[in-house]
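One-letter residues, chain by chain:
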Amino acid sequence: MTASVPQLVALLDGSLVDVDTPLLRADDLGVVRGDGVFDVASCRNGRVTDLEAHLERLATSAHILSLPEPDLAGYARAVDALVDAWDWEAHPEATVRLVETRGPEHGGEPTCWAMMQPVPDSVRREREGVRVVVLDRGHEAEETSELPWLLPGAKSLSYGINMAAKRWAKAHGADDAIFVTPSGLLLEGPTSALVVDLDGELVTPRQDGILPSTTLRTLVDAAPEAGLQVRFAHLQREALAGVRGAWLLSSGRILAPIVSIDGAELPISPLHPTLRKLLAVPGA
Ligand code: PLP
């Protein structure tokens, strides 16, 4: 039975198919091995935010996994079809997910599609505040870039660990997580980038072995308009105790202020209203 959430699917030739339509074979490596890549862009009132950046990151992810180069024109066509067909009045905020799997196990073409979904209320509520726990990712950042089989910097379909980290957070009284390396270097959330306010300066973990966030890139580019800049630095876990505030950033949620870390309350930074404006958070 179809869930009551409105969802639209488009193929790369620009045709729309019902979300009920079978698109994958039972032996598609995307489902049997999580072998494939995806990307997710925000859409507001008929406009897709930074589609180019998401297409570029999809291509980078595919390259890291040695997948065939994605048909970027085809994805753009699929996104156009979804934007045209979406009911923006009923659902002014949506996300579009672009997927490329490695295709059938014993040979065949990659399976590719795009899907549009409304941003759930639960995600929009995160803009009021999120409680996080800090979780060990199990390996150092520098090592990761030297260990390509860990797929650093790729948005692969193998998100089982990321989802498990979020479930762990929820089972332990929080909403989300921040990963650290065993030596205590802060990294990112399971589905978000981390930015902190250190004495009025915006600082974010260096991008070693983590996913380059498009939302963070938008903030980096827009910050000078407000006389701010975002510094990339090695940030130790202990630094969290002294920050004026911190945020999780990602495409659907955009900007979520962290209100507690491992159970200790954190104030919302005085820079929060400025960041909301810079990132055009709805209602800002
Ligand atoms: N880091 C990880 C691991 C993610 O999965 C995501 C998004 O889902 C992000 C960061 C944020 O990326 P973006 O701002 O492009 O959504």
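Look above for the structure.
Please read these numbers as outputs of a predicted model, since none were measured by experiment.

Student: Just checking my understanding: could you explain the pattern of salt bridges for this structure?
Tutor: Once the charged atoms of two side chains with opposite charge are near each other, the side chains can pair. As enumerated under the stated definition, the model contains 14 salt bridges in all. For Asp35, the salt bridge goes to Arg102, with nearest N and O atoms at 2.6 Å. With Asp35 in the loop between α1 (29–32) and β3 (36–44) and Arg102 in the loop between β5 (93–101) and β6 (112–118), this residue pair connects regions lying 67 residues apart in the sequence. Arg217 is paired through a salt bridge with Asp221; the nearest N and O atoms lie 3.7 Å apart. Of the two residues, Arg217 and Asp221 both sit in helix α7 (residues 214–222), four residues apart, roughly one turn of that helix. One connected set of salt bridges, linked through shared partners, spans Glu126, Lys166, Asp176 and Arg253.

Student: When you look at helix α2 (residues 51–64) in this model, what are you seeing that I'm missing?
Tutor: What sets the pattern is the α-helix's 3.6 residues per turn: residues three or four places apart point alike. In a regular helix each residue adds 1.5 Å, so 14 residues correspond to 20 Å; α2 covers 20 Å between its end C-alpha atoms and thus fits that length. Buried-residue contacts for α2 involve β3, β4 (47–48), α3 (72–85), β5 and α7.

Student: What's the story with a nonpolar patch on the surface in this structure? I'm lost.
Tutor: Together, Leu23, Leu24, Val31 and Val32 give the surface a local cluster of nonpolar side chains, amounting to about 300 Å² of exposed area. Mapping Val32 onto the fold places it in helix α1.

Calculation criteria
- Residues numbered from 1 in each chain as written.
- Predicted model: local features only at pLDDT ≥ 70, side-chain atom pairs only at ≥ 80, totals over all residues.
- Heavy atoms only, no water.
- Salt bridge = Lys/Arg side-chain N within 4 Å of Asp/Glu carboxyl O.
- Helix = DSSP H or I, 4+ residues; strand = E, 2+ residues; numbered from the N terminus.
- Expected span 1.5 Å × (residues − 1).
- Contact = heavy atoms within 4.5 Å.
- Patch = residues over 30% accessible without salt bridge, like charges linked within 9 Å, V, L, I, M, F, W, Y side chains within 5 Å.
- Areas by Shrake-Rupley, 256 points an atom, 1.4 Å probe, with all protein chains shown as cover.

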